[in-house]
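Inside the fold
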Amino acid sequence: MLFAVAAVGITAFCLVLRWSLMVARMRDLPTWRRCLPLVLLLTALGASLLRAVDIPQAADAAAFPLNLAALVTSRLEIRARRRRNPTAPPAG
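Attention in this report is confined to the structure presented alongside it. (Residues numbered from 1 in each chain as written. Predicted model: local features only at pLDDT ≥ 70, side-chain atom pairs only at ≥ 80, totals over all residues. Heavy atoms only, no water.)

**Some points on helix H2 (residues 31–48)**
Applied cut-off: Each helix is a run of H or I in the DSSP string that is no shorter than four residues. Each strand is a run of E no shorter than two, and both are numbered from the N terminus. One fewer than the residue count of a helix, multiplied by 1.5 Å, yields its expected span. Each residue gets one of three labels from its accessible area relative to the maximum for its type: buried under 20%, exposed over 50%, partly exposed in between, using a 1.4 Å probe on protein chains only. Here a residue-residue contact requires only that any non-hydrogen atoms of the pair lie within 4.5 Å.
Look at H2: 26 Å from first C-alpha to last across 18 residues, which is about the 26 Å you get at 1.5 Å a residue. For H2, the full list of buried residues reads Arg-34, Pro-37, Leu-40, Leu-41, Ala-44 and Ala-47. Taken together, the buried residues of H2 touch helix H1 (2–24) and helix H3 (56–84).

Have a look at this one:
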């Protein structure tokens, strides 16, 4: 069971990282919209590191919502770009 949870977590992290980097490479977006998913992801990683210094309550409260926000934000930007220009090559 622990292996399955770890596999899902690693897969979700890799997916969020990939999509965040894809959005960061979209030059047709304003800078703040390009950087938002990556900033959310890095903030979530920082919040997760709070567990290392024995502050798990803050990590539990912040890390998952920030990861989810990065996932949703990056996916929405990718879909919006595909709707705006269906013939454009993928950003990745």
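The rest of the description comes next.
**Points about the nonpolar core**
As a reminder, the rule being used: Side-chain atoms within 4.5 Å link the members of a nonpolar core, which is a set of buried Ala, Val, Leu, Ile, Met, Phe, Trp, Tyr and Cys residues.
Counting residues in each nonpolar core, the largest one holds six residues, listed as Trp-19, Met-22, Val-23, Met-26, Leu-29 and Ile-78. The biggest single contributor to this core is H1, with three residues. For Ile-78, the contacting residues outside a window of four places in its chain are Trp-19, Met-22, Val-23 and Met-26.

**Brief notes about the side chain of Arg-34**
Our working rule: For the purpose of charge, His is not counted, nor are the chain termini; Lys and Arg are scored as positive and Asp and Glu as negative. When a carboxyl oxygen of Asp or Glu is within 4 Å of a side-chain nitrogen of Lys or Arg, the pair counts as a salt bridge.
Relative to the elements of secondary structure, Arg-34 occurs in helix H2. The side chain of Arg-34 is buried and forms no salt bridge, while Asp-28, the nearest opposite charge, is found at 7.4 Å. Setting aside chain neighbours within four positions, we find Arg-34 in contact with Val-23, Ala-24, Met-26, Arg-27 and Leu-29.

**Observations regarding the pattern of salt bridges**
This structure, assessed with the given rule, holds three salt bridges. Asp-60 is the partner of Arg-51 in a salt bridge, and the nearest nitrogen-oxygen pair spans 2.8 Å. Assessed through its relative accessible area of 40%, Arg-51 is described here as partly exposed.

**Some points on the packing of aromatic side chains**
Our working rule: Side-chain rings of Phe, Tyr and Trp (the six-membered ring for Trp) are treated as a pair once their centres are within 6.5 Å; stacked means planes under 30 degrees apart, edge-to-face means over 60, and tilted covers the remaining angles. Counting as a charge over the ring demands two things of the Lys NZ or Arg CZ atom: a distance within 6 Å of the ring centre and an angle within 35 degrees of the ring normal.
What the rule picks out here adds up to zero aromatic pairs. It is Arg-75 that lies over the ring of Trp-19; its NZ or CZ is 4.8 Å from the centre.

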